[in-house]
Amino acid sequence: AKRQEELKSAETTFQSVRSVAGQTDDYRMYMGQVNYWLGKYDEGRQLFDELLESNQRSPQVLLSVASMIRSVGRAQEARSLMEEAYESATDVSLRFSAAASRAALNTGTDDQITWLERSNPEDDRIKAGLMAARGNVALQSGDADAARQFYRDSIAAYNRMPSNPSTLNNSGLVCFRLYGLTGGQADFDEGLSRLEKAIELLPTDSTIRKNTAELLLSAVFNDTIKESF
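Residues numbered from 1 in each chain as written. Predicted model: local features only at pLDDT ≥ 70, side-chain atom pairs only at ≥ 80, totals over all residues. Heavy atoms only, no water.

(A) Fine view of the environment of P121. Structurally, the position occupied by P121 is in the loop between α8 (109–116) and α9 (124–140). Expressed as a C-alpha distance, the spacing of P121 and F96, which sit 25 residues apart in the sequence, is 8.9 Å. In this view, P121 contacts F96 and K127; residues no more than four positions away in its chain are not counted. (Helix = DSSP H or I, 4+ residues; strand = E, 2+ residues; numbered from the N terminus. Contact = heavy atoms within 4.5 Å.)

Set out below in structure tokens:
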């Protein structure tokens, strides 16, 4: 309720200066997002469309609007804009950026791989995500040997990246996938260590804490099942 009141207040404030700011990109971007948060999708989309048209639907602005729309939960609209940015971009780095954004908003493993393969092949973040996704596909198809190697390649790519909550969380999850295949205590300990470090760096992140709790519970359950046979 408080969030809704704040958004209504922001809407009122910006509406009061519309005669001055109504034709600026910043106004359209901000008010478009506020309208989306308030559930006024038609009004918000109109402002975003005006912003895109005034900038000749440039890839940069397409990605900025896509990011805004994604943040308010409109995934399919965001995907369409990211794909348009990818198709229209002539700059290679911008195409890579559009592909990476689209990969992050994937609809499944195959879709994720498609867009990661269109991203910068020299970026360790892309390599890590791609290897992990390929590992998942290999595991689903029953090729445990290939899955193990893909997961190890993914972890190696993460090890080359700066240590932060995101990389620690993501690489920790891959370590646990590897542990699920190897049963090795070292893989389990490494995954747990990374997740614990991620929590230390960002203790308020509910996703990281949830990942850690779920994986520990799963490990305890699996160990209990093994001991019963």
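(B) Inspection of the side chain of T167 at higher detail. Within the secondary structure, T167 sits in helix α11 (residues 165–182). Residue T167 is classed as buried on the basis of its relative accessible area of 9%. Of note is the side chain of T167, whose polar atom sits 3.0 Å from the backbone oxygen of P162. Residues contacting T167, with those up to four places away along its chain left out, are Y158, M161 and P162. (Buried < 20%, exposed > 50% of the residue type's maximum accessible area, 1.4 Å probe, protein only. Polar contact = N/O pair within 3.5 Å; in protein donor to acceptor, adjacent residues only side chain to side chain.)

(C) Highlighting helix α5 (residues 59–71). Across its 13 residues, α5 extends 18 Å between first and last C-alpha, which sits within 8% of the 18 Å expected from 1.5 Å per residue. All buried positions along α5 are accounted for by P59, V61, L62, L63, V65, A66 and I69. As for α5, its buried residues are in contact with α3 (25–37), α4 (41–54), α6 (75–88) and α7 (92–104). (Expected span 1.5 Å × (residues − 1).)

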